[in-house]
Amino acid sequence: MSWTVSPEPHDSPVAAALWRAYYTEVSDRWYLLHEGRRTDPGELEREIAARSGADLAPPGGRLLVARHDGVPAGTAGVRLLDASTAELTRVFLYEEMRGKGGAAVLVAAAEDAARALGAGRMILDTRGDLVEARALYARLGYRETAPHNDDRYAEHWFTKPLI
């Protein structure tokens, strides 16, 4: 079984399906933890539509899709924030694909994409309840740092030099 990662247009059907799965999972986890309910369907549709991923398109960004034996399995986005800093976002694998080494392959490809954009460091944010993500980033050499944004859902911020 093999993993491949390649750029994908942010508005392709594959990207749209992965974005929907990603957003549904992280939104439902937040609402279940904080309000004991799943995301309201109308809110889910509005948020998915409002965040098209256009900021992950060239020239300043990349959306990557991981495939496991040729089947779309996950995604990661990279966007250049300034001449030397890229942000890692939308890191996601379908649940049935987790635990097979794909996350590390996907993040490594995102780091390569950030380098190709000219970035010397990668930053990211995540939530406290996404413990799997925090463990992954720490294992891959990201270190927790001071906040770099004021996103209402961000609770942990990480950075990693890419040079």
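Values in this document were obtained by computation on a predicted structure and should not be read as measured data.

## Some points on the pattern of salt bridges
Enumeration according to the criterion identifies 13 salt bridges in this entry. In this structure, E35 engages R37 in a salt bridge whose closest nitrogen and oxygen atoms are separated by 2.9 Å. When its relative accessible area of 31% is taken as the criterion, R37 is described as partly exposed. Between R79 and D55 there is a salt bridge whose closest N-O contact spans 2.2 Å. Pair noted here: R79 is in strand β3 (residues 71–82) and D55 is in the loop between α2 (41–50) and β2 (61–68), with a separation of 24 residues, a long-range link.

## What about α2?
For α2, the set of buried residues is E43, L44 and I48. The buried residues of α2 occupy an angular sector of 130 degrees when projected down its axis, which confines them to one face. Among the exposed residues of α2, those oriented more than 90 degrees off its buried face are R46, A49 and A50. In this structure, the buried side of α2 is in contact with α1 (13–35). Capping the start of α2, D40 holds a side-chain oxygen 3.0 Å from the backbone nitrogen of G42, two or three residues further along.

Reading guide: rules and limits
- Residues numbered from 1 in each chain as written.
- Predicted model: local features only at pLDDT ≥ 70, side-chain atom pairs only at ≥ 80, totals over all residues.
- Heavy atoms only, no water.
- Salt bridge = Lys/Arg side-chain N within 4 Å of Asp/Glu carboxyl O.
- Buried < 20%, exposed > 50% of the residue type's maximum accessible area, 1.4 Å probe, protein only.
- Helix = DSSP H or I, 4+ residues; strand = E, 2+ residues; numbered from the N terminus.
- Arc of directions from axis to C-beta.
- Contact = heavy atoms within 4.5 Å.
- Polar contact = N/O pair within 3.5 Å; in protein donor to acceptor, adjacent residues only side chain to side chain.

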